[in-house]
Amino acid sequence: MDYFDIFISILGSAIRLSIPLLFTALAGLFSERAGIFDIGLEGKILASAFASACVAYWTGNAWAGLATGIATSIVFSLVHGFASITNRGNQIVSGVALNFVAAGLTIVLGSAWFGQGGRTGQVPASGRFSGITLPGAEMMRDVPIIGPLYANVISGNNILTYIAFLMVPISWWILYRTRFGLRVRAVGENPGAVDTAGISVAWLRYRALIVAGFLCGFAGTYLSIAQSAAFINNMSAGKGYIALAALIFAKWKPVPVMLACLLFGFLDAFANFMQGKALPGIGEVPVQIFQALPYILTCVLLAGFIGVARPPKAGGVPYTKER
Amino acid sequence: MSTASVPLPAWINYGLIPLLNLFLAFFFSGLVVWAIGESPFEALKLLLAGALGRGEGIGFTLFYATSFIFTGLSVAVAIHAGLFNIGSEGQAYLGGLGAALVALSLDRYVPWYVTMPFAIIGSALFGAACAAIPAWLQAKRGSHIVITTIMFNFIVSSLMNYILVRVLIVPGKMAPESRTFLEGGQLPKLDWLIGMFGGRLGAAPLNFSFLVALVMCFLVWLLIWRTKLGYEMRTLGHSPTAASYAGMRYARIVMITMLISGGLAGMMALNPVMGASARLQIEFVGGAGFVGIAVSLMGRNHPAGIILAALLFGVLYQGGAELSFDMPTITRDMIVVIQGLVILFAGALEYMLRPAIVRVYQQISGK
């Protein structure tokens, strides 16, 4: 296997690993740009992964699974909104709480329903999102460089992968080219001004959270019925937090979010590939370094050594109308 | 008039509202138990019997409570200065390394009471070290402490994974853990404490660090309410601008607070590492750092409240373990659900019931 083939295979797996991050980070983008910190991303993807795996297993329909995953994730978002918007509770605390509820509930319900210690049943092929071969992939395979790239990296992914990349320009368009997007950005910077303009801060923030829940639903569904064929205990495995890191790394902007997710996905894929292999001249690099790298990079960024990461100004502060 | 500004007597603020919130959390937990087809009341009975029924159960309950007191204090100290330290988990994990290094180097030569002070210092230093960078980033570079402490939880997890798998592992063994400490590196069990009440500790790992935790509660109380530093911390927590007008140095208070907070989290490691398993194991913290958030919120950030809340979570952890034996359909993870609901109702939704309570209070008191 020459280096190019290795590179292609790492690239392919990097894309697969970055998809859940991309959906989740875009979800965080909407919620944080509206001024609501969302530590609960992790819990949302876990809950939606579980819900979509259950429904896909029972109905054998992947789209029904996706719909349930999205609905579950939106319910979690609404609870977060109820606590942090309506009751002006602490957004971090609410997010932490929802992560716990999701982590516990998925295992408790999963064990009770399937009796496999938290695993759901094996989802049948019809209940999964499987790879789509794009037209001409086989024909192109023999073309040097572009051929393998097209056949192995761009083609052969499942529909959710393409949706994820489609969500990037859509998110950008919504945030920067629609009235709703303008207001979301405004409410994250200066909710008082939005309120003065006669727009409901609470309803705007709720809508941003619903969008976030919608996107997290895709991420969870991708984990359980696209990437694998069942829900496994704690299968989000910190992806919600990596996505949060990617969001900060991208300075809360949609296109950089995609690049950051691809970078973190690539690091993950590279770590998997490097397991037990030696780098020429350096020797074996501990795989843990690659695992920690996204977090280290984010901290370095936050320290202000690579540009300045300026969060939305009103983030984390509950809005109180004047009394 | 808005209900938010109506003052309520202390017994409602610190007694009734937390209890009602707790009740709501348990009510929804009961619904989950009911939804999977078991009786919530039966489950509660088994849980309480498992946690408090025998000397051994009480020993386990207090053992879990010990860890939660440390992490609860860690979260509370930070909250008093307006900082949300979500990294107690990682700080405790690294603290374990500090305790283990002391135990590994001294256990051959000296008895436990010589090792212990060094282990306390070692674990606190390592825990504080883990909090130092997020603290510095918050104090000097203005990055959000919540985000950086989350990042550090993961960084520490990778680091400890590397250290246990590559460095401290016993050659020839598969399990990623250090060698077992000799007697000089173990904290003695507190048989006599349970014995005083006529019980038997049995296999429960309740150990000397429980007493260390109680001492720390007192010291934290002293720090927060009886020292100049504590006053500065509380001022900063209430109003950073007021603190800066009064000439208090923001960066200094943030750094010191976070180092103390990290140190308290680090000391938590004494309990499982030197008190129970007598070795450094992978993932030994097991979520105790996050429980600390719930404990601190429930206990209203006061050491006395933290002890009560830690006992409550100790009961849940031990009782939950017993419950999963007696009712196999309910797994241990039910505790995680309860914990999440407690954080939700006692923390994020703490003001939900307030307007209603204010209205009832005004009706009754006739104001």
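Report follows, based on the coordinates.

Each value, and the rule that gives it
- Residues numbered from 1 in each chain as written.
- Chains lettered and ligands numbered in written order.
- Predicted model: local features only at pLDDT ≥ 70, side-chain atom pairs only at ≥ 80, totals over all residues.
- Heavy atoms only, no water.
- Contact = heavy atoms within 4.5 Å.
- Buried area = accessible area lost by both parts, 1.4 Å probe.
- Salt bridge = Lys/Arg side-chain N within 4 Å of Asp/Glu carboxyl O.
- Polar contact = N/O pair within 3.5 Å; in protein donor to acceptor, adjacent residues only side chain to side chain.
- Helix = DSSP H or I, 4+ residues; strand = E, 2+ residues; numbered from the N terminus.
- Nonpolar A, V, L, I, M, F, W, Y, C, P; charged D, E, K, R; others polar.
- Disulfide = S-S within 2.5 Å.
- Buried < 20%, exposed > 50% of the residue type's maximum accessible area, 1.4 Å probe, protein only.
- Phe/Tyr/Trp six-rings, centres within 6.5 Å; stacked < 30°, edge-to-face > 60°.
- Core = buried A, V, L, I, M, F, W, Y, C linked by side-chain atoms within 4.5 Å.
- Patch = residues over 30% accessible without salt bridge, like charges linked within 9 Å, V, L, I, M, F, W, Y side chains within 5 Å.
- Areas by Shrake-Rupley, 256 points an atom, 1.4 Å probe, with all protein chains shown as cover.
- Axes fitted to C-alpha atoms, helices over the stretch in contact; angles between N-to-C directions.
- Parallel < 35°, antiparallel > 145°, perpendicular 65-115°, else oblique.
- Left-handed = near helix turned anticlockwise from the far one by under 90°.

1. Digging into the interface of chain B and chain A
Alright, step 1. Each partner contributes residues to the interface: chain B has 42 residues there, and chain A has 43 residues.
Alright, step 2. Buried area between chain B and chain A, both sides added, is near 3,600 Å², and the carbon and sulfur share of it is 80%.
Alright, step 3. Broken down residue by residue, the surface that chain B buries against chain A is led by Met151, Phe154 and Ala348 of chain B, which jointly contribute 15%.
Alright, step 4. Inspection of the chain B/chain A interface yields zero salt bridges.
Alright, step 5. Linking chain B to chain A there are zero residue pairs in polar contact (both at pLDDT 80 or more).
Alright, step 6. Of all the elements in the fold, those that place two or more residues in the side of chain B that touches chain A are helix H5 (112-141), helix H6 (145-167), helix H13 (288-298) and helix H15 (334-348) of chain B.
Alright, step 7. Looking at the side of chain B that touches chain A element by element, the count peaks at twelve residues for H6 of chain B.
Alright, step 8. Grouping the amino acids of the side of chain B that touches chain A by side-chain chemistry returns 28 nonpolar, eleven polar and three charged.

2. Describing the state of the cysteines
Alright, step 1. In this structure the tally under the stated criterion is zero disulfides over all chains.
Alright, step 2. We note that Cys299 of chain A lacks a disulfide partner, and the nearest cysteine sulfur, in Cys130 of chain B, lies 10 Å from it.
Alright, step 3. By relative accessible area, Cys299 of chain A is classed as buried at 7%.

3. Observations concerning helix H12 (residues 270-277) of chain B
Residues and elements named next belong to chain B.
Alright, step 1. In terms of residue burial, H12 counts as a mostly covered element, since seven of its eight residues are buried.
Alright, step 2. Every buried residue of H12 is accounted for by Leu270, Asn271, Pro272, Val273, Met274, Gly275 and Ser277.
Alright, step 3. Structurally, H12 contributes buried residues whose contacts are with helix H3 (55-80), helix H4 (88-106), H5, helix H8 (209-226) and helix H11 (250-267).
Alright, step 4. Where H12 terminates, the next one or two residues include Ala278, which has phi positive at roughly 55°.

4. Quick notes on the pattern of salt bridges
Residue and element names in this part refer to chain B.
Alright, step 1. Inspection of every chain in the model, using the stated rule, returns eight salt bridges over all chains.
Alright, step 2. Taking the shortest distance from any N to any O, the salt bridge between Arg179 and Asp107 comes out at 3.0 Å. Placement of Arg179 in the loop between H6 and helix H7 (191-196) and of Asp107 in the loop between H4 and H5 is noted, with a sequence separation of 72 residues between them.
Alright, step 3. When the shortest N-O distance is used, the salt bridge between Lys228 and Glu232 registers 3.8 Å. Remark: Glu232 and Lys228 occur in helix H9 (residues 228-238); sequence separation between them is four residues, near one turn of the helix.
Alright, step 4. Look at Glu232 and you get buried, because its relative accessible area is 10%.

5. Details of the packing of aromatic side chains
Alright, step 1. Scanning all chains against the criterion turns up 26 aromatic pairs over all chains.
Alright, step 2. A ring pair is formed by Trp58 of chain A and Phe114 of chain A, whose centres lie 5.8 Å apart and whose planes are at 15°; its orientation type is stacked. Taken together, the residues Trp58 of chain A in helix H2 (residues 41-59) and Phe114 of chain A in helix H4 (residues 91-114) connect sequence positions 56 residues apart.
Alright, step 3. With a centroid separation of 5.4 Å and 50° between ring planes, the pair formed by Tyr241 of chain A and Phe154 of chain B is classed as tilted. Here the residue Tyr241 of chain A occupies a position in helix H11 (residues 239-249), and Phe154 of chain B occupies one in helix H6, the pair thus bridging two chains.
Alright, step 4. Members of the aromatic cluster, each reached through a chain of ring pairs, are Phe50, Tyr57, Trp58, Trp113, Phe114 and Phe231 of chain A.

6. Here we look at the nonpolar core
Alright, step 1. One finds Phe23 of chain A together with Phe68, Met274, Leu280 and Phe313 of chain B to be the most contacted residues of the largest nonpolar core, which totals 204 residues.
Alright, step 2. Those residues within four positions of Met274 of chain B in sequence are excluded, and the remaining contacts are Ala99, Ala103, Thr115, Ala119, Phe181, Gly185, Gln186, Leu187 and Ala269 of chain B.
Alright, step 3. Leu193, Ile194, Leu201 and Phe210 of chain B belong to the second-largest nonpolar core, a separate cluster that totals eight residues.

7. Quick notes on a nonpolar patch on the surface
Alright, step 1. On the surface, a nonpolar cluster with roughly 560 Å² of combined accessible area is contributed by Phe23, Phe27, Phe28, Leu31 and Trp34 of chain B.
Alright, step 2. Topologically, Phe27 of chain B is positioned in helix H1 (residues 10-35).

8. So, helix H6 (residues 146-154) of chain A
The periodicity of an α-helix, 3.6 residues per turn, causes residues three or four places apart in sequence to face the same way.
Residue and element names in this part refer to chain A.
Alright, step 1. Residues of H6 that are buried include every one of Gly147, Pro148, Ala151 and Val153, and no others.
Alright, step 2. Structurally, H6 contributes buried residues whose contacts are with helix H1 (3-33) and helix H5 (137-140).
Alright, step 3. Looking one or two residues past H6, Gly156 carries a phi angle of roughly 85°, positive in sign.

9. Structural notes on the packing of helix H14 (residues 303-326) of chain B against H15 of chain B
Residues and elements named next belong to chain B.
Alright, step 1. Two elements in contact, H14 and H15, have axes separated by 10 Å at closest approach and are oriented at 160°. When the axes of H14 and H15 are compared, the pair comes out roughly antiparallel. Both H14 and H15 take part in a crossing whose hand is right-handed. The segment H14 lies against H15, with Phe313, Leu316, Tyr317 and Gly320 engaging Ile335, Ile338, Gln339 and Val342.
Alright, step 2. In terms of residue class, the contact of H14 with H15 is made up of six nonpolar, two polar and no charged.

10. What about the environment of Gly220 of chain A?
All names here are of chain A.
Alright, step 1. By secondary structure assignment, the location of Gly220 is in helix H10 (residues 201-227).
Alright, step 2. A residue is classified by how much of its surface remains accessible, and Gly220, at 0% relative accessible area, is buried.
Alright, step 3. Considering only alpha carbons, one finds Gly220 and Ala27, 193 residues apart in sequence, at a separation of 12 Å.
Alright, step 4. Beyond its immediate chain neighbours, meaning those up to four positions away, Gly220 contacts Ile45, Ser48, Ala49 and Ser52.

11. Concerning unusual backbone geometry
Alright, step 1. Not every positive phi belongs to a glycine, and Asn234 of chain A is a case in point at roughly 50°.
Alright, step 2. Assignment of secondary structure puts Asn234 of chain A in the loop between H10 and H11.
Alright, step 3. Its relative accessible area of 44% is what places Asn234 of chain A among the partly exposed residues.
Alright, step 4. The backbone phi angle of Glu283 of chain B is positive, close to 55°, even though this residue is not glycine.
Alright, step 5. If you trace the backbone, Glu283 of chain B turns up in the loop between H12 and H13.

12. Considering the environment of Ala164 of chain A
Alright, step 1. Mapped onto the fold, Ala164 of chain A is located in helix H7 (residues 159-177).
Alright, step 2. Separated by 72 residues in the primary sequence, Ala164 of chain A and Ser236 of chain A place their C-alpha atoms 17 Å from one another.

13. Description of the side chain of Asn207 of chain B
Residues and elements named next belong to chain B.
Alright, step 1. Structurally, Asn207 is set in the loop between H7 and H8.
Alright, step 2. Assessed through its relative accessible area of 1%, Asn207 is described here as buried.
Alright, step 3. Of the polar contacts made by the side chain of Asn207, one reaches the side chain of Ser209; its length is 2.4 Å.
Alright, step 4. Look past the residues within four positions of Asn207 in its chain and what remains in contact with it is Phe63, Leu187, Pro188, Lys189, Leu190, Asn271, Gly275 and Ala276.

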